[in-house]
Amino acid sequence: MKPFMKHICGLLIVGIIASCATVPLTGRKQLSLVNESEIQQQAALVYKDLLGDSKTKVIKGTSQAQLVQKVGKNIASAVTRFLQENGYGNQYDFQWEFNLIQEDQINAWCMPGGKVAVYTGILPITKNEAGLATVMGHEVAHAIAKHSAERMSQSIIAQAGGVAVDVATAEKSNTTRAVLNTAYGLGGQLALLSYSRNQESEADRLGLVFMAMAGYNPNEAVGFWERMAQAKQSQGGAPPEFLSTHPSDARRINNIQKLIPEAMGYYKK
Ligand SMILES: [Zn+2]
């Protein structure tokens, strides 16, 4: 490396380490090295590809599909209002979409920018509207807290030696899109997406508040997570989003019970 390049990289690294974002409501400072709007644009393309793929069966018009739409819209409008009222509005320009996908896997996700998918495999566990609000509130929380961008930023830092180089490429569309494709599984490999334990706890906390803001009683979340724990035992596992990085089921349910009073403060009947 030429000496002057080293100098530029040094400056870059300093600038990078100073890059932080703040998670709404929890106030947690997080690393932010990637361009969120770039990620959202790419996520929208990946979502479109995924829905348009011949292997993807999007369910339209059934009562279940309508319920996914209804709950999604309720949560999105409550969250959008909250962000506006608390001065976060200019940081969020989500183009919300909610789709039910025919897929046995117990899963649901929300891509950066508000592109949501619920798999039919999770419906026996959500069981009712409030259960669906629990899962969608949790997934929307991951997107609002920009957990994907944070994961990408962390992996850039983890590759210490190549920091400056990787940051330079991280904003390039094709890299971002490849990461998103891997995470959301275009081409059959579904749900490799995994968040850290801290991110899961944060999504649980925000998710309860979001469901409450949307008019769903956060106490209903306990039943959902209990049913999820049972389903995991009987099925011998669930995809990463609902298994590997999560705290143990008992600990999680315990933690959720502790978070309910805060969420009840936002509950609008
Ligand atoms: Zn999660």
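Below, the structure is looked at part by part. Please read all numbers here as calculations on a predicted model, not as lab measurements.

**Thoughts on the environment of tyrosine 266**
Phase 1 of the analysis: Secondary-structure assignment places tyrosine 266 in the segment after α11 (249–264).
Phase 2 of the analysis: Not counting chain neighbours up to four residues away, the residues in contact with tyrosine 266 comprise Leu25, Phe82, Val209, Ala212 and Met213.

**Quick look at the pairing of strand β5 (residues 108–111)**
Phase 1 of the analysis: With burial as the criterion, each face of β5 is covered, one bearing Ala108 and Cys110 and the other bearing Trp109 and Met111.
Phase 2 of the analysis: Where β5 meets strand β6 (residues 115–119), four bridges bridge the pair, whose relative direction is antiparallel. Counterpart to tryptophan 109 in the pairing with β6 is alanine 117.
Phase 3 of the analysis: As consecutive antiparallel partners, β5 and β6 are separated by three residues, and within that stretch glycine 113 has a phi angle of approximately 95°, a positive value.

**Considering the side chain of glutamate 202**
Phase 1 of the analysis: You can see glutamate 202 is positioned in helix α9 (residues 197–213).
Phase 2 of the analysis: A polar atom in the side chain of glutamate 202 sits 2.8 Å from the side chain of arginine 28.
Phase 3 of the analysis: For glutamate 202, the residues in contact, after removing those within four places along its chain, are Val23, Thr26, Arg28, Ala145 and His147.

**Concerning the packing of helix α3 (residues 63–85) against helix α5 (residues 129–144)**
Phase 1 of the analysis: Between α3 and α5, the shortest axis-to-axis distance is 10 Å and the interhelical angle comes to 45°. Here α3 lies oblique to α5, going by the angle between them. Seen from above, α3 lies across α5 with right-handed handedness. Residues Leu67, Val68, Lys70, Val71, Gly72, Asn74, Ile75, Val79 and Leu83 of α3 form the contact with α5, whose participating residues are Glu129, Leu132, Ala133, Met136, Gly137, Val140 and Ile144.

**Regarding the sheet that holds β6**
Phase 1 of the analysis: Read across the open sheet, the four strands follow the order β3-β4-β6-β5; overall the sheet is mixed. Pairing within the sheet leaves two strands with one partner each, and these edge strands are β3 (58–59) and β5.
Phase 2 of the analysis: On the sheet, α3 packs against β3, β4 (97–101) and β6 and is oriented at approximately 150° with respect to β4.

**Notes on the nonpolar core**
Phase 1 of the analysis: Counting 56 residues, the largest nonpolar core has Ile75, Val118, Met136 and Phe210 as its most contacted members.
Phase 2 of the analysis: Top contributing element to this core by residue count: α3, with nine residues.
Phase 3 of the analysis: If we skip the residues at most four places from it in the chain, valine 118 touches Val68, Asn99, Leu100, Ile101, Asn107, Ala108, Leu123, Leu132 and Met136.
Phase 4 of the analysis: Listed in part, the 18 residues of the second largest apolar core include Val46, Leu50, Met111 and Ile156.

**Some details on the pairing of β4**
Phase 1 of the analysis: Of all the five residues making up β4, four are buried; the element is thus mostly covered by neighbouring parts of the structure.
Phase 2 of the analysis: Pairing geometry for β3 and β4, over two bridges, is antiparallel. Opposite isoleucine 59, over in β4, you have leucine 100 as the bridge partner.
Phase 3 of the analysis: With five bridges connecting them, β4 and β6 associate as parallel partners. In the strand pairing of β6, glutamate 97 is matched with lysine 115.

**A short note on the pattern of salt bridges**
Phase 1 of the analysis: Evaluated as defined, the whole model comprises eight salt bridges.
Phase 2 of the analysis: Where glutamate 97 meets lysine 115, a salt bridge forms, and the shortest distance between an N and an O atom there is 3.0 Å. With glutamate 97 in strand β4 and lysine 115 in strand β6, this pair connects stretches of sequence that are 18 residues apart.
Phase 3 of the analysis: Note on lysine 115: relative accessible area 8%, which makes it buried.
Phase 4 of the analysis: Notably, a salt bridge pairs arginine 205 with glutamate 262, separated by 2.9 Å at the nearest N-O pair. Pair noted here: arginine 205 is in helix α9 and glutamate 262 is in helix α11, with a separation of 57 residues, a long-range link.
Phase 5 of the analysis: Look at arginine 205 and you get partly exposed, because its relative accessible area is 26%.
Phase 6 of the analysis: Residue class for glutamate 262 comes out partly exposed when judged on its relative accessible area of 27%.
Phase 7 of the analysis: Through salt bridges with shared partners, one network takes in Arg28, Glu150 and Glu202.

Criteria and thresholds
- Numbers given for residues are sequential positions, taken from 1 along each chain in its written order.
- Per-residue local features are limited, in this predicted model, to residues with pLDDT of at least 70; the limit for side-chain atom pairs, both in listing and counting, is 80 or more; totals at the level of whole chains, interfaces and linings are taken over all residues.
- Side-chain calculation: all heavy atoms of the structure are included, whereas hydrogens and water are not.
- Helix and strand definitions here come from DSSP, where helices need a minimum of 4 consecutive H or I residues and strands a minimum of 2 consecutive E residues; each element is numbered from the N-terminal end.
- We call two residues in contact whenever any of their non-hydrogen atoms come within 4.5 Å of each other.
- Burial classification: accessible surface area is computed with a 1.4 Å probe over protein chains only, and a residue below 20% of its type maximum counts as buried, one above 50% as exposed, and the rest as partly exposed.
- DSSP bridges decide pairing: two strands pair if at least two such bridges lie between them.
- Polar contact criterion, stated in full: a pair of N or O atoms within 3.5 Å, where within protein one must be able to donate a hydrogen and the other to accept it, and residues adjacent in sequence count only if both atoms are side-chain atoms.
- Lines are fitted to the C-alpha atoms to define the axes, a helix being fitted only along its stretch in contact, and any angle between axes, read from their N-to-C directions, falls within 0 to 180 degrees.
- Orientation labels follow simple angle bins: below 35 degrees gives roughly parallel, above 145 gives roughly antiparallel, 65 to 115 gives roughly perpendicular, and whatever is left gives oblique.
- Here a crossing is taken to be left-handed if its near helix is turned anticlockwise relative to the far helix by less than a right angle, and right-handed if that turn runs clockwise.
- Buried Ala, Val, Leu, Ile, Met, Phe, Trp, Tyr and Cys residues form a nonpolar core when they are joined through side-chain atoms within 4.5 Å.
- One speaks of a salt bridge when a side-chain nitrogen belonging to Lys or Arg is within 4 Å of a carboxyl oxygen belonging to Asp or Glu.

Interpretation in functional terms is not warranted from these geometric data alone.
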